[in-house]
Amino acid sequence: MRILIVDDEPAMHDSYRRSFAPVAAATGLLDAMAAELFGDDDAAAPDETGPDFALTHCMQGLDAVAAVEAALRDGDPFAVAFIDVRMPPGIDGKETAVRIRALDPNINLVIVTGYSDFSPVEISKAAGPADKIFYIAKPFEVAEVTQMASALAHRWQGDRELAEAREVLAAQVVQLQEQGHELAANESRAIHMANHDSLTEAPNRLAFRRALTDRARTDARFAVAMVDLDRFKLVNDTLGHLAGDELIRKICSVLQANVPAGGMVARLGGDEFGLMFDTPGIQAAEMDCTRVLKACSGTFKVLGNSVQGGASIGLIVTEAGESRDPTDLMRRADLALNDAKRDGRGVVRVFDESMDENIRLRRAIEGGLSQAIAKGELSLVYQPIVAREAFEVVGFEALLRWNTEDHGPISPAVFIPIAEESNLIHELGDWVLAESLKVLAEWPGQYVSVNFSPRQFRRHNFVGRLVENVQQAGIDPRRVQIEITETAIFDDADRAADTLYKLRQMGFRIALDDFGTGYSSLYNIRKFALDCLKIDRSFIDGMGRERESAAIVHSIIHLGRALGLGVVAEGVETETQLQALRVAGCSHMQGYFFSRPVSQERAKEIAEARFIAVSVANEVADVSELGNGTHG
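Residues numbered from 1 in each chain as written. Predicted model: local features only at pLDDT ≥ 70, side-chain atom pairs only at ≥ 80, totals over all residues. Heavy atoms only, no water.

Q: Explain the overall build of the protein chain to me, and be specific about the residues and the numbers.
A: Within the protein chain, the secondary structure is distributed over 24 helices and 21 strands. Residues classed as buried in the protein chain amount to 45% of the 632 residues present. At a minimum sequence separation of 6, the contacts of the protein chain that also span at least 24 residues come to 70%. For the protein chain, the exposed surface amounts to about 31300 Å²; the carbon and sulfur share of it is 52%. (Helix = DSSP H or I, 4+ residues; strand = E, 2+ residues; numbered from the N terminus. Buried < 20%, exposed > 50% of the residue type's maximum accessible area, 1.4 Å probe, protein only. Contact = heavy atoms within 4.5 Å. Areas by Shrake-Rupley, 256 points an atom, 1.4 Å probe, with all protein chains shown as cover.)

Next comes the structure, spelled out in structure tokens:
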């Protein structure tokens, strides 16, 4: 540790040298004297603790300033400087202290004087800060100087280490900020890419459907139109795909320039576009689409070639109070578009119910569904959910089946959406929950996983009804898992977060179903009280064929593990899928590889066995019309 001594008297420098003499030497002399006087040959070994000081002596202030400057330049600064106040004929101690402080803000200054030329306050103001300037009066005691030097040297070293730590921390903060900005930029780019068509930069199908969902929640009348280019394949075949891409871009610009004010243009894929705009009625919407059609029918210059443009449009106008399911609206607009193509292209067709044979079927299903419970046509099957390591059966997903007297089995994918559009979904949901709770008494400890639709989840007093059913059945809430989709919770995120928190507080398990098919973000996942994520079976099915599906599956598994959530892979059908999921770290699985959905009696046998062996995994279940997944 370096110490600077600044004094114009040689005798004072000798005093400093004696004060800072090595402890061992001084102690040795005392020990020798003690041994000679008292005959003590076993004197204790000296304690050699304390800093090792290296002294630099200067007779004048300017020399001291130069020494400090040189020490800083060499990277070996002084920890403490002892400065005399009076040092004629050069600069005095106050000025020396001021100049040294200007060079080195970290050095500790000790003013040593027997006079009162300057008050401590004056010197402190000139060469402060006050916590780095100290005073010793002449004549001083050796202990006073050494203790002062030791304390200030330790403090100086501590200050340096603290400053270095702060610099490292500041650099890390800057690095984290830069990474944060980079992540935010990447997320922004990813969100843009996920919602926009790469060729035209127009919104894509996902963004169009989301906007359509938002618009459908309002009471406003609006139009949905599907636009398809006529003879586009001919352009690709004769002029090449680059020409086709250029034509797509030009048509997109035309649509954006001619869609009614405030309207939306999206590229849905290939040569198909979607339009959505407010309208006062069907006639006005048809006139607007006719104007758009005319704008698309001119001659376009494409890579030096003249191309005759043309399009067909299918149109539907929604009224308040009508069904506004986004999928159904797009389907109906597509039906109208197909009718326009059949009529020779280049026309606008407005949807009417005669185009949709499914409407009559939907009405028949809705009527039959309202009687299904009373007729005893509904039943539940159960598909095991197994743990990754030993294939232990930890739970079962309850799946609804409907076997009608007149039409035989009807797929849940058909009747559930119809029930969702009406209050029938509540009646069905109550029945499914009650039946699911009954079977829990037969199982040794597994949980039952019950699907709840978005409409059920938004039902008034959803939590209260659920708790009441579980209490009446005498079931521990920890044995009941609530399965909901991303749509159910993200439609009203704040309310959903509150509902899920209440359910988790009561002990219910929460699973986010079909994860990866919606539009959740990391922030949203963290916001909700969840137990596990269920990977949609479409990604599992695509793992062996598509790199994108495999990447999505791995990402979901890693996300779940990072957030402390379980991850259930649905639709596991092959050993290859199983091994890939186990290697990736997926915690739970369900699918045909382990068991098809089975009857209540067979589920009891599997539950009591606890583990699924390969010989059990592939056996055929004893119920008809089996399926897999939320709706079968």
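Q: Tell me about the packing of aromatic side chains, and please be specific about residues and values.
A: For the structure shown, the criterion picks out ten aromatic pairs. Measuring from ring centre to ring centre gives 5.3 Å for Phe20 and Phe53, while their planes differ by 70 degrees; the resulting arrangement is edge-to-face. Here the residue Phe20 occupies a position in the loop between helix H1 (10-19) and helix H2 (23-38), and Phe53 occupies one in the loop between H2 and strand E2 (54-58), the gap between them amounting to 33 residues. Ring geometry for Phe452 versus Phe462: centroids 5.4 Å apart, planes at 85 degrees, classification edge-to-face. (Phe/Tyr/Trp six-rings, centres within 6.5 Å; stacked < 30°, edge-to-face > 60°.)

Q: Tell me about H1, and name the residues and values.
A: Three or four residues apart is the spacing at which side chains of an α-helix point the same way, because the helix has 3.6 residues per turn. Buried within H1 we find Met12, His13, Tyr16 and Ser19. Buried residues along H1 cover an arc of 120 degrees about the axis, so they all sit on one side. Facing away from the buried side of H1, by more than 90 degrees, are the exposed residues Pro10 and Arg18. (Arc of directions from axis to C-beta.)

Q: I'd like a rundown of the packing of helix H16 (residues 462-473) against helix H18 (residues 493-506), residues and numbers included.
A: At a closest axis distance of 10 Å, the pairing of H16 and H18 adopts a crossing angle of 20 degrees. Between H16 and H18, the interaxial angle falls into the category roughly parallel. The crossing of H16 and H18 is right-handed. For the pair H16 and H18, the contacting residues are Phe462, Val463, Leu466 and Val467 in the first and Thr499, Leu503 and Met506 in the second. (Axes fitted to C-alpha atoms, helices over the stretch in contact; angles between N-to-C directions. Parallel < 35°, antiparallel > 145°, perpendicular 65-115°, else oblique. Left-handed = near helix turned anticlockwise from the far one by under 90°.)

Q: Describe the pairing of strand E18 (residues 509-515), naming the residues involved and giving the relevant values.
A: Of all seven residues that make up E18, six are buried, and the element is covered over most of its length. Note: strand E17 (residues 480-485) against E18, five bridges, orientation parallel. From the neighbouring strand, Thr485 faces E18, where its bridge partner is Asp513. (Pairing = 2+ DSSP bridges.)

Q: An account of the nonpolar core is needed here, citing residue identities and associated values.
A: Grouped together as the largest cluster of nonpolar side chains are 81 residues, with contacts concentrated most on Leu500 and Leu581. No other element matches the nine residues that helix H14 (residues 424-440) contributes to this core. In this structure, Leu500 is in contact with Phe457, Ile484, Ile489, Ile510, Phe528, Ala529 and Leu530, ignoring residues within four places of it in sequence. Ile251, Leu255, Cys296 and Phe300 belong to the second largest nonpolar core, which has 33 residues in total. (Core = buried A, V, L, I, M, F, W, Y, C linked by side-chain atoms within 4.5 Å.)

Q: If you had to explain the state of the cysteines to someone new, which residues and values would you point to?
A: Joining two cysteines, a disulfide is a covalent bond between their sulfur atoms. In the structure shown here, the tally under the stated rule is zero disulfides. Cys532 supplies the cysteine sulfur nearest to Cys586, a cysteine that is in no disulfide, at a spacing of 9.9 Å. A relative accessible area of 0% places Cys586 in the buried class. (Disulfide = S-S within 2.5 Å.)

Q: So, the sheet that holds strand E1 (residues 2-6): which residues are in play, and what are the values?
A: One open sheet holds the five strands; their spatial order is E2-E1-E3-E4-E5, and the pairing between them is parallel. Only two strands of the sheet have a single neighbouring strand rather than two, namely E2 and strand E5 (133-137). The sheet shows a mean angle of 20 degrees between the axes of neighbouring strands, direction not considered. Of the pairings in the sheet, the one linking E1 to E2 comprises five bridges and is parallel in character. Paired with Leu4 across the two strands is Thr56, which belongs to E2. Across the sheet, helix H4 (residues 93-103) lies against E1, strand E3 (80-84) and strand E4 (108-113), angled at about 155 degrees from E3, the strand it touches most. Each of E3, E4 and E5 touches helix H6 (residues 142-195); the most contacted strand, E5, lies at about 170 degrees to it.

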